[in-house]
Amino acid sequence: MAKKKQQQKPKVQERSLDVEKTLNQSTEMLQKFAKPVVDFIAMVTPHIIKACSGMWATYKALPKTEVQLLTGIILCFFGGLYPVTFAAVQAAEHGGRKKVVEALTIISEEALIIIEESKKDDLKDDNKNGIADVKEIDSTHYAIRKINLVMTKMDPKKVDAAIASIYLVWLSVVAVLMVQFARTISMALTMSVFMMKPVNRYITPAVALAVPNEYQKWIPVVLVWVVKSIAISIAWFIQTLQSAVTSAMYGGHIMADALLHICVKRGWTLGGWITDDLDKTYADEIIMYIFAALGILFQFMMQFDMPFPFSLILWPVELFEYYLKW
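Residues numbered from 1 in each chain as written. Predicted model: local features only at pLDDT ≥ 70, side-chain atom pairs only at ≥ 80, totals over all residues. Heavy atoms only, no water.

**A few points about the overall build of the protein chain**
At step 1: Across its full length, the protein chain holds 10 helices and 0 strands.
At step 2: Walking the protein chain from its N terminus toward its C terminus, one meets helices and strands in the order α-α-α-α-α-α-α-α-α-α.
At step 3: A sequence separation of at least 24 residues applies to 80% of the contacts in the protein chain between residues at least 6 apart. (Helix = DSSP H or I, 4+ residues; strand = E, 2+ residues; numbered from the N terminus. Contact = heavy atoms within 4.5 Å.)

Put into structure tokens, the structure is as follows:
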């Protein structure tokens, strides 16, 4: 026993040395790439923030009624093609979309402050030798210097409040999606159980005749996979139908409201049919029903598949839909 313990000690020491060596190598590699990574982030982040700020400023500068009309068109005629995205947008709207915008604005402002301070820090020459201080230090001290700059210049309370706001809205979106689409998954599982009975009675024996004996054990498993896939596809199609009707009605309401405000703004009364007091007219309801019917019909005609020209324009929405769904 004593000899075995003595033999085990060198092995343990060797393993600890190997672990220590690996950690040192990883640390050296991180230190080596710290400066280029920080420089890249400092270079790219202002452009990203500037681009996003420009797009947001452009959006804010657009006529609100026309933007509302465009939003209504997208929801009315294409909302059913993206059921998960439509549900997420509704959840975010009710959960605090404005808070998210404010939080992102605060974070971007803090990021710009850090980037500007980092640029000033890169020009410092405390020892007055004509060479910037950051160029005279190794990667380790460079990383420590930049971390210290972030810790001293950033307002932690603002950032913490902003992140908390985004997190709370995201939780509300996730909760809505989980509750709403748990019913879809439950429907799919119920349908798969119902479908397995005729499959086991009629399809399984036929497949068994065509499959060699050594592969017979795979037949039940593969058939269950196939049936569940079909059931999930049917359940999602039913959910798509429901979302198409809901989004068409919601988008039709937005379009009707926007059109009436445009008419009032430009003085188009259409023979007194539209009045300045929109609460006293039934025009918005009639227009809403017409647009909703057209939206549902259009989506059915497209077979809930985005046609070619629009698929290029709305590819980010398709990507987001795929991410949320899977």
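**As for helix 2 (residues 64–78)**
At step 1: The terminal C-alpha atoms of helix 2 lie 21 Å apart, and with 15 residues this matches the ideal 21 Å at 1.5 Å per residue to within 8%.
At step 2: Considered for burial, the residues of helix 2 that qualify are Thr65, Val67, Leu69, Gly72, Leu75, Cys76, Phe77 and Phe78. (Expected span 1.5 Å × (residues − 1). Buried < 20%, exposed > 50% of the residue type's maximum accessible area, 1.4 Å probe, protein only.)

**Thoughts on helix 7 (residues 218–266)**
Three- or four-residue spacings in an α-helix give side chains the same orientation, since the helix completes a turn every 3.6 residues.
At step 1: When the terminal C-alpha atoms of helix 7 are compared, their 70 Å separation across 49 residues agrees well with the 72 Å that a helix rising 1.5 Å per residue should span.
At step 2: A positive backbone phi angle near 80 degrees is found at Gly267, which sits one or two residues after helix 7.

**Here's the deal with the packing of aromatic side chains**
At step 1: Evaluation of the coordinates by the stated rule reveals 2 aromatic pairs.
At step 2: On the numbers, 5.7 Å between centres and 85 degrees between planes, the contact of Phe77 with Phe298 is edge-to-face. Taken together, the positions of Phe77 in helix 2 and Phe298 in helix 8 (residues 283–301) put the pair 221 residues apart, joining distant regions of the chain.
At step 3: On the basis of relative accessibility, which here comes to 24%, the residue Phe298 falls in the partly exposed class. (Phe/Tyr/Trp six-rings, centres within 6.5 Å; stacked < 30°, edge-to-face > 60°.)

**Notes on the packing of helix 7 against helix 8**
At step 1: Closest axis-to-axis distance for the helix 7/helix 8 pair is 7 Å, and the angle between their directions is 140 degrees. Here helix 7 lies oblique to helix 8, going by the angle between them. As for how helix 7 packs across helix 8, the hand of that crossing is right-handed. Residues Leu241, Ala244, Val245, Ser247, Ala248, Met249, Gly252, His253, Met255, Ala256, Leu259 and Leu260 of helix 7 form the contact with helix 8, whose participating residues are Ala283, Asp284, Ile287, Met288, Phe291, Ala292, Gly295, Ile296, Gln299 and Phe300.
At step 2: Class assignment for the residues of the contact of helix 7 with helix 8 results in 16 nonpolar, 5 polar and 1 charged. (Axes fitted to C-alpha atoms, helices over the stretch in contact; angles between N-to-C directions. Parallel < 35°, antiparallel > 145°, perpendicular 65-115°, else oblique. Left-handed = near helix turned anticlockwise from the far one by under 90°. Nonpolar A, V, L, I, M, F, W, Y, C, P; charged D, E, K, R; others polar.)

**Re the side chain of Gln239**
At step 1: Here Gln239 lies in helix 7.
At step 2: Residue Gln239 is classed as buried on the basis of its relative accessible area of 6%.
At step 3: Not counting residues within four places of it along the chain, the set of residues in contact with Gln239 comprises Gln180, Phe181 and Thr184.

**Quick look at the packing of helix 4 (residues 97–122) against helix 6 (residues 156–210)**
At step 1: Across the interface, helix 4 lies against helix 6 with an axial gap of 9 Å and an inter-helix angle of 145 degrees. Our pair here, helix 4 against helix 6, has a crossing hand that is left-handed. Along the contact surface, helix 4 presents Lys99, Val100, Ala103, Leu104, Ile106, Ile107 and Glu110, while helix 6 presents Lys158, Val159, Ala162, Ile163, Ser165, Ile166 and Val169.
At step 2: When grouped by side-chain class, the residues that make up the contact of helix 4 with helix 6 number 10 nonpolar, 1 polar and 3 charged.

**Let's talk about the confidence of the model for the protein chain**
At step 1: For the protein chain, per-residue confidence averages 77 on the pLDDT scale, and 79% of positions sit at 70 or higher.
At step 2: Below a pLDDT of 50 lies the segment residues 1–5, which in the model reaches 0 contacts outside its immediate sequence neighbourhood of four places, other chains included. (pLDDT = per-residue confidence, 0-100.)

**What to know about the nonpolar core**
The nonpolar side chains of a soluble globular protein tend to be buried with one another.
At step 1: If you look at the biggest cluster of nonpolar residues, it comprises 17 residues, and the most contacted ones within it are Phe78, Met255 and Met306.
At step 2: Elements with a minimum of two residues in this core: helix 2, helix 7 and helix 8.
At step 3: By residue number, the principal contributor to this core is helix 7, which donates 5 residues.
At step 4: Residues contacting Met306, with those up to four places away along its chain left out, are Phe78, Leu81, Tyr82, Ser311, Leu314 and Glu318.
At step 5: In terms of nonpolar packing, the next biggest core, distinct from the first, is built from 9 residues, Val84, Ala91, Leu177 and Trp236 among them. (Core = buried A, V, L, I, M, F, W, Y, C linked by side-chain atoms within 4.5 Å.)

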